[in-house]
Amino acid sequence: MDLSTLSYQKFVQFALEQTNLRTTLTPLPSQEKFKSLKANDNKSVLNAISFCAPKIKLLRSLTIEDSQSMLVLDFAAFSKPEYDAPIFCANAFTTPSRSIVVLDLNPLYDVTIHPDYKEKYYKKLMPLSEKYSELLPWGGKLTSESLKFFSPIVIWTTVASSQLVHDVLFSAFVDYFKAWLELIDEATDEKDESLVLLNREAQHKYLTWRAEKDPGYSILKKLFGETLAKDLVRQFLFDGVDSLGSKTFLDYFPEYRLENGTVNKKRSMVGKSYETRPWNSAGEFIAD
Ligand code: BLA
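As a starting point, this report considers the structure included with it. Model, not experiment: these values are computed from the prediction.

1. Some words on the packing of aromatic side chains
According to the stated counting rule, one finds 28 aromatic pairs in the structure shown. On the basis of an interplanar angle of 80 degrees and a centroid distance of 6.0 Å, the ring pair of Phe14 and Phe170 is categorised as edge-to-face. Placement of the pair is Phe14 in helix 1 (residues 9–22) and Phe170 in helix 5 (residues 163–186), with a sequence separation of 156 residues. Taken individually, Phe14 and Phe170 each receive the classification buried, so the pair is uniform in this respect. An angle of 85 degrees between the planes, with centres 5.0 Å apart, marks the rings of Phe88 and Phe177 as edge-to-face.

2. Quick look at the site of the ligand
Neighbouring the ligand are 20 residues, the closest being Asn91, Thr143, Ser146, Trp209 and Arg267. Between Asn91 and the ligand, the recorded distance is 2.5 Å, taken from a side-chain N or O atom to an oxygen atom. One of the side-chain N or O atoms of Ser146 is found 2.6 Å from an oxygen atom in the ligand. Alone, the ligand offers 830 Å² of accessible surface; in the complex the protein occludes 88% of this. Elements represented by at least two residues in the shell around the ligand include exactly strand 4 (70–79), strand 5 (87–94), strand 6 (98–106), strand 7 (142–143) and helix 6 (193–213). Considering each element in turn, the shell around the ligand owes the most residues, three residues, to strand 5.

Definitions and limits used
Residues numbered from 1 in each chain as written. Predicted model: local features only at pLDDT ≥ 70, side-chain atom pairs only at ≥ 80, totals over all residues. Heavy atoms only, no water. Phe/Tyr/Trp six-rings, centres within 6.5 Å; stacked < 30°, edge-to-face > 60°. Helix = DSSP H or I, 4+ residues; strand = E, 2+ residues; numbered from the N terminus. Buried < 20%, exposed > 50% of the residue type's maximum accessible area, 1.4 Å probe, protein only. Near = heavy atom within 4 Å. Polar contact = N/O pair within 3.5 Å; in protein donor to acceptor, adjacent residues only side chain to side chain. Areas by Shrake-Rupley, 256 points an atom, 1.4 Å probe, with all protein chains shown as cover.

Purely spatial values, then, with no claim about function.
As structure tokens, this is what we get:
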């Protein structure tokens, strides 16, 4: 399809407006640093924004739009570590033929081993996953390791690009972002410093995973060159990876260690799995 009628700007605008209705966003230094970022192809249009707010450590968005070849949305928002709220995650990669999408409130703690966390945040949100399951169906096998960063309401899809899909995706983005804002509104700050430390480490582990293994990296490298792509990943998209904690990727994910001590470049050590949605509509894990 012709991508020139589609854009992810509307998604970002919506999120900023909604957030500003409830809290006060303050621009972060990383926004200034990356706002004049230019792609090597001289045609992709970029938009990089980053903010914080009293309960939000980082809300950032990167869009890359070239109507001839691809539209990219990478939007995420993290609470301050005093709150154990999920991480808002909206990633979309759209070409004229298909769209690859992950939309989720990524859990801070793996829901398959922390049923209390699942109960606390996802039980009442389960209808959301049903609502979009027909038009944004499960995208098939994915990197198995990614699943522990996904929630039972995750929308993981790879579908033929169309105006309808784009509109449905906007509707889903609206629902999921509003749900996230609601959770942030209701969140009360943790007074127990040891639990705050756990939250901070969980966010750091997440940032470490994505800074190392995000599937978008090869495209960023092509557009910006290796040095800038690395800076963009570590200082903008996953800002905090070098400051929130001191553990390394291999501390968190030792199975990726090669004999010479470096990180295995493979995205998955286990391989891809989960051909179908591994949660049922009650949020129970049903994969073997
Ligand atoms: C593919 N993107 C994918 C896949 C997933 C994600 C699961 C399928 C391949 C796989 O299983 O690894 C997304 N994975 C995620 C997310 C998390 C995760 C969000 O673990 C969070 C924890 N995608 C982007 C951006 C670009 C992009 C910004 O988000 C481009 C700049 C591209 N994603 C992209 C491409 C593919 C892809 C090109 C298909 C090619 C591939 O699999 O490498």
